[in-house]
Amino acid sequence: MKLTTSLRVVVPAAAAAALLSAAALPADAAAMPKFANPKVFGTSFQSDPHHDFTKHISPRHDGILRGWVTYYRSGVAEYEPIKWVKDKTGHTEGYFEGPPEGDVTAYASPVAKNVVFYSATGCKGTTVTAKNDSLGSKRCSRNVLLSRMKAGHRPALITVYRGTIVKVQEIYTP
């Protein structure tokens with residue numbers, strides 16, 4: 001009799017926990033493939049060989065881009081690839097830079113309503129929360145992400161799935 005009573009409590013509790021954890025995941029997360037991360041401090045621009053840059057600005061193909069948002073408005077982010085440049089003066093280790101002026105290598109994608117954002121400086125931007133790989137580890141809200149997109153160029157790994165930005169993970173640079 002005790003076994004039956006405890007199962008009546010445990011099974012619904014486990015089902016509720018499973019529903020709550022599934023609700024915290026982005027839509028299609030189970031179906032989304034696992035993309036390989038590019039080198040965080042890669043020294044060349046990532047290519048998108050199937051993208052036609054001669055036509056209007058459009059989403060990048062599915063995957064993770066090392067890049068930054070150059071413009072955000074009305075739910076759509078324009079972004080471009082970036083590369084790490086080692087500082088030859090010795091004052092710093094280096095810096096990120098985008099394509100040269102006049103280069104048309106840019107994309108535009110809507111930002112998912114349930115986008116996942118990991119900050120490298122905390123949600124308030126005051127505490128370093130990057131891991132050893134310099135990638136942000138503090139999960140923050142969509143509103144924090146949008147305010148940072150509007151503020152300017154922040155290096156990040158940008159995950160695009162089905163033409164939509166579904167994850168952004170900032171790269172910490174001192």
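Structure shown above.
Residues numbered from 1 in each chain as written. Predicted model: local features only at pLDDT ≥ 70, side-chain atom pairs only at ≥ 80, totals over all residues. Heavy atoms only, no water.

**Focus: the overall build of the protein chain**
Heads up, the condition is: Each helix is a run of DSSP H or I of at least 4 residues and each strand a run of E of at least 2, with the numbering of both proceeding from the N terminus. For the exposure calls, accessible area comes from a 1.4 Å probe over protein chains only, and a residue counts as buried if that area is under 20% of its type's maximum, exposed if over 50%, partly exposed in between. Throughout, a contact is declared for two residues whenever any of their heavy atoms are within 4.5 Å. With residues, only the protein chains shown are counted as cover, and all accessible areas are computed by Shrake-Rupley using a 1.4 Å probe.
The helix and strand tally for the protein chain stands at two helices and eight strands. Helices (α) and strands (β) of the protein chain occur, in sequence order from the N terminus, as α-β-β-β-β-β-β-α-β-β. Relative to its full complement of 174 residues, the protein chain shows a buried share of 40%. Put simply, 62% of the contacts in the protein chain that link residues at least 6 apart link residues at least 24 apart. Accessible surface computed for the protein chain: about 10700 Å², of which carbon and sulfur atoms make up 57%.

**Quick word on the pairing of strand β5 (residues 107-119)**
In summary, the side chains of a regular strand alternate between the two faces of the sheet. Spelled out, the test is: Pairing between two strands requires that DSSP report at least two bridges joining them.
By the bridge criterion, four bridges tie strand β2 (residues 76-81) to β5 in an arrangement that is antiparallel. Among the inter-strand pairings, Y79 is bridged to a residue of β5, identified as Y107. Of the strand pairs in this sheet, β5 and strand β8 (residues 164-170) are connected by four bridges, and their pairing is parallel. Looking at the pairing, Y118 lines up with Q169 of β8.

**Notes on the pattern of salt bridges**
Operational definition: Only one rule defines a salt bridge in this text: a Lys or Arg side-chain nitrogen within 4 Å of an Asp or Glu carboxyl oxygen.
What the rule picks out here adds up to three salt bridges. E97 is paired through a salt bridge with K83; the nearest N and O atoms lie 3.9 Å apart. Highlighted residues: E97 in strand β4 (residues 94-97) and K83 in strand β3 (residues 83-86), separated in sequence by 14 residues. You can call K83 partly exposed: its relative accessible area is 21%.

**Here we look at the packing of aromatic side chains**
Operational definition: For Phe, Tyr and Trp, rings pair up if their centres lie within 6.5 Å, where Trp contributes its six-membered ring, and each pair is then called stacked (planes under 30 degrees apart), edge-to-face (over 60) or tilted (otherwise).
Across all of its chains, the model carries four aromatic pairs by this definition. Consider the rings of F41 and W84, whose centres lie 4.8 Å apart with planes at 75°: the pair is edge-to-face. Of this pair, F41 sits in the loop between α1 (2-23) and β1 (63-73) while W84 sits in strand β3, placing them 43 residues apart in sequence. By relative accessible area, F41 is classed as partly exposed at 32%. Aromatic side chains F41 and F96 sit 5.6 Å apart centroid to centroid with 20° between the ring planes, which places their arrangement in the stacked category. Highlighted residues: F41 in the loop between α1 and β1 and F96 in strand β4, separated in sequence by 55 residues.

**Some words on empty space enclosed by the protein**
Which entries qualify depends on this criterion: Only protein atoms enter the 1 Å grid, on which a cavity is a set of points fitting a 1.4 Å probe that cannot get out and a pocket is an open set with protein on both sides within 12 Å along at least 5 of 7 lines, lining residues being those with an atom within 4 Å of a point. Grid points are joined across faces, edges and corners, and a volume is the space filled by probe spheres set on the points.
For the coordinates displayed, the defined rule picks out one cavity of 30 Å³ or more. A volume near 90 Å³ is recorded for the largest cavity. Lining of the largest cavity is provided by V69, F117, L145, R148, M149, G152, R154, A156, I158, V168 and E170. Within the residue set of the lining of the largest cavity, elements represented by two or more residues are α2 (142-151), β7 (156-161) and β8. Counting residues per element, the lining of the largest cavity draws most heavily on α2, which supplies three residues.

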